[in-house]
Each structure stands twice: as C-alpha cells, then as structure tokens.
Amino acid sequence: MISRIWRNTHFLLAISTSLFLVMASVSGVILGIEAIIDQTKPQAIYSLESHSLKATMEALEDQFDDVYEIVVTEKKFVIVQGTTSNGFETFYVDPKTGIKIKNVSSSNPFFNQVRSLHRSLFLKKTGRILVGIVAFLLVLLSITGVILLVKRLGGIRRFFLPLRENNNYRKVHITLGKWFFIPLLIIGISGAYLVIERFDVFSKNENNIKTYEVGIKKLNLDILYLSDVKRVSYPFSNLKNDTYTIELNDRKVSIRQGDFSIVNEETFPINQILKNWSYYIHTGESNVFVAIILSLSSLALIFFVISGLKISSKISWNLLKLN
C-alpha cells in the first residue's frame, strides 16, 4: 500500500511537470554550454584568489588616467570602467598587469532569449512563479524517485551495486537516478530559492550596519583578494576623506581614501549569502566542472522524462485505476 502511494505520487508529479521539465532541461543544457564557452574566453581569470585588490588597483593606476569602478562578475571576468586614450570605456582587464583585454560587448541575443525562457517562460512574473513551482516539484520528484529506487533495490546498501534489469528503459531510468539524484535535487532547491528571492520574500531581513571613528578599524587591501570582491566604486575626488565603496561576498564597506580606515560596514543577511551560493551552484557560471555537471544533469532529466513515459505506458497508468 505504501509503495503504491509513493509510485502514484511520483507518477503524478512526473506527468504534471514533464512539459515544463523538458523546456527547462533543454534551455538548461544550452545555458550550461554558454557557461562553459564563457569560461574558455581570455577574460575569464581563474586565479582571482591570488590577486590582491591593492595590487590590482595599483596596476590599473599605472595603465589608465582614471578608474571609476571595478566589477568582478560571477563568470570571473574583471571589468573596469575608466578613461583610456579613446575616452570613457568599459572593458575587461588582466588583474595582474592591469592591461586591457578588450571592450565589453553585449551578450549573445540567442542566449538571452534562452535565459528568459529558462527563468520565466517569456511570461515575466507569472512565468517566474510557474518556474518556481516546477523547481519545487522537481525536488519532490527526485525524493519520491529515490525512495522508490531504494525500495526496489531492497535497501540503501544496494544502491550502488550492479543493476540486474531486462527492461532497457527501466534500466536507464534507474541508472540515471543513481548518478544524478543529488545534482537534480540541488538544481531544484537552488532554482526554487532563487525564484523566492526574486519576489523579496526575505526583504524584512535588515542588514547590520556599523559606523567607525576615523582610524579605529582599517581594511588591509593587501590580503583582500579578488575572489572575495564583487564591486569597487572609486571616490569622486582626491580628498583624503572621500571614500571607496567595496562590495564583498558577505558585506559592503566604505573606506577613507587617505588611510583605508573603515567609515561604515554593512553586513549582508544570511538570505543574501544563500542567494549568492544558489546562483553559483544553479548556473555554474564561475566553474567549468559545475557547468558540465549541470549540463549533464539537464540531459539526464530529458532521458528521465522519455524513459519514465515509456515505463508508465505499461505500468503506472494502471496504478491510477480505481478498485
């Protein structure tokens, strides 16, 4: 009886989400390929943790007349807004030498359309809600699937033992379930959380802001590395009391230009940190390995739907018939 309930639940979840899951999977594969391509470009810097912010700022000062802003993107691109011989420009730089790599250009329109499909099905707010629901149902689908798998195999200890199965569709379905249960669970959880964050559900969580007297606390830019930096906004003038604004992964600080002493420090709430991590593991934009796993997981999800529908054509439909 319990097994029948789990099987029915798994089947109904699969039928109700199959179309959305196929669209999300196909678009996810394409976006995963984009992430892999982006990380092979010359402006992708894989040694951000070895470049201190101070050394990068000094290198930029040697190369350009004025620097207004430094941005370190999720894709590990270091982007600078500044003045060159051609005037004001936005460009990628090598953080070690400060040398300009190339100007920032607009992203590929095809990938932009696919990203819009993946995030909101081209339906804006309504689409985002649907995507969030499907992401949550993917979590339930993964959990019910692994429960059925453990029951079928006769216990968790046999989870990774060789599989004996004559039905090829069922064999593929079970094998992919073993390999991709955890990645799909993570994709579902992180996707659902990103949708929830998009609607400011946790907006009531206030940032913790501290103010310091001049010279009380200083920020050592020599041991602050680009892997921890998201954005640096330069002061408007050369006055010592004018401030840099530095946004890190977990906080934002304003420091005096003269002695780098902290004027105020704003610590982000836990939901902001969780949002950053969810984005990191859901997109794979800053890690080739994660991007490959996400792409393979999306492909696996397509095979799940195909093999699941093939299996259901013989078994699961009968489970819904009333006695």
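Overview of the structure. (Residues numbered from 1 in each chain as written. Predicted model: local features only at pLDDT ≥ 70, side-chain atom pairs only at ≥ 80, totals over all residues. Heavy atoms only, no water.)

### A look at the nonpolar core
Grouped burial of nonpolar side chains is what soluble globular proteins tend to show. Residues Leu53, Ile70 and Ile246 are the most contacted members of the largest nonpolar core, which totals 26 residues. At the level of secondary structure, the elements contributing two or more residues to this core comprise helix H2 (53-63), strand E1 (66-72), strand E2 (78-84), strand E3 (87-93), strand E6 (229-233), strand E7 (243-248) and strand E8 (251-256). Within the second largest apolar cluster, 15 residues are counted, among which are Leu13, Leu138, Leu141 and Leu184. (Core = buried A, V, L, I, M, F, W, Y, C linked by side-chain atoms within 4.5 Å. Buried < 20%, exposed > 50% of the residue type's maximum accessible area, 1.4 Å probe, protein only. Helix = DSSP H or I, 4+ residues; strand = E, 2+ residues; numbered from the N terminus.)

### Overview of the environment of Leu194
As for its placement among the helices and strands, Leu194 is situated in helix H5 (residues 168-198). With sequence-adjacent residues up to four places away left out, Leu194 is seen in contact with Lys275, Ser278, Tyr279 and His282. (Contact = heavy atoms within 4.5 Å.)

### Concerning the environment of Gln272
The topology assignment puts Gln272 in helix H6 (residues 270-283). Judged by its relative accessible area of 25%, Gln272 is partly exposed. Along the backbone, Gln272 and Asn249 are 23 residues apart, and their C-alpha atoms lie at a distance of 9.0 Å.

### Considerations on the pairing of strand E4 (residues 100-103)
As judged from the three bridges shared by E3 and E4, these two strands associate in the antiparallel manner. Looking across to E4, one finds that Tyr92 is bridged to Lys102. The antiparallel pairing of E3 with E4 creates a hairpin that spans six residues between the two strands, and Gly98 there sits at a positive phi of about 80°. (Pairing = 2+ DSSP bridges.)

### Considering the packing of aromatic side chains
Applying the stated criterion across every chain, the model contains seven aromatic pairs. Centre to centre, the rings of Tyr244 and Phe260 are 6.4 Å apart; their planes meet at 50°, and the pair counts as tilted. One end of the pair, Tyr244, is in strand E7; the other, Phe260, is in the loop between E8 and strand E9 (262-267), and 16 residues separate them in sequence. On the basis of relative accessible area, Phe260 is assigned to the partly exposed category, the value being 23%. Members of the aromatic cluster, joined through ring pairs, are Tyr234, Tyr244 and Phe260. (Phe/Tyr/Trp six-rings, centres within 6.5 Å; stacked < 30°, edge-to-face > 60°.)

### Here we look at unusual backbone geometry
One non-glycine residue with positive phi stands out, namely Lys76, at about 70°. In this fold, Lys76 is placed in the loop between E1 and E2. For Phe260, which is not glycine, the phi dihedral falls at a positive 60°.

### Some words on the packing of helix H3 (residues 109-120) against helix H4 (residues 124-153)
Closest axis-to-axis distance for the H3/H4 pair is 6 Å, and the angle between their directions is 65°. Contact residues: His118, Arg119 and Ser120 in H3; Lys124, Gly127, Arg128 and Val131 in H4. Its residues assigned to classes, the contact of H3 with H4 shows one nonpolar, three polar and three charged. (Axes fitted to C-alpha atoms, helices over the stretch in contact; angles between N-to-C directions. Nonpolar A, V, L, I, M, F, W, Y, C, P; charged D, E, K, R; others polar.)

### Topic: the environment of Gln257
As for its position among the elements, Gln257 is in the loop between E8 and E9. Given a relative accessible area of 18%, Gln257 falls into the buried group. Contacts of Gln257, omitting those with residues within four sequence positions, involve Pro235, Ser237, Asn238, Leu239, Lys240, Asp242, Thr243 and Tyr244.

### Some points on helix H7 (residues 288-312)
In a regular helix each residue adds 1.5 Å, so 25 residues correspond to 36 Å; H7 covers 36 Å between its end C-alpha atoms and thus fits that length. Between the side-chain oxygen at the start of H7 and the backbone nitrogen of Phe289 there is a gap of 2.9 Å, and the oxygen is on Asn287. (Expected span 1.5 Å × (residues − 1). Polar contact = N/O pair within 3.5 Å; in protein donor to acceptor, adjacent residues only side chain to side chain.)

### A few points about the pattern of salt bridges
Side chains bearing opposite charge may pair, as long as their charged atoms lie close to each other. In the structure shown here, the tally under the stated rule is 10 salt bridges. Across the pair Arg231 and Glu69 runs a salt bridge whose closest N-O atoms are separated by 3.1 Å. Here Glu69 lies in strand E1 and Arg231 lies in strand E6, a separation of 162 residues in the sequence. For Arg231, a relative accessible area of 34% puts it in the partly exposed group. Of the charged contacts, one joins Arg256 and Asp259 as a salt bridge, the two residues approaching to 2.8 Å between their closest N and O atoms. Owing to a relative accessible area of 22%, Asp259 belongs among the partly exposed residues under this scheme. Several salt bridges share partner residues, and in doing so they unite Lys217, Asp250, Arg251 and Glu265 into one network. (Salt bridge = Lys/Arg side-chain N within 4 Å of Asp/Glu carboxyl O.)

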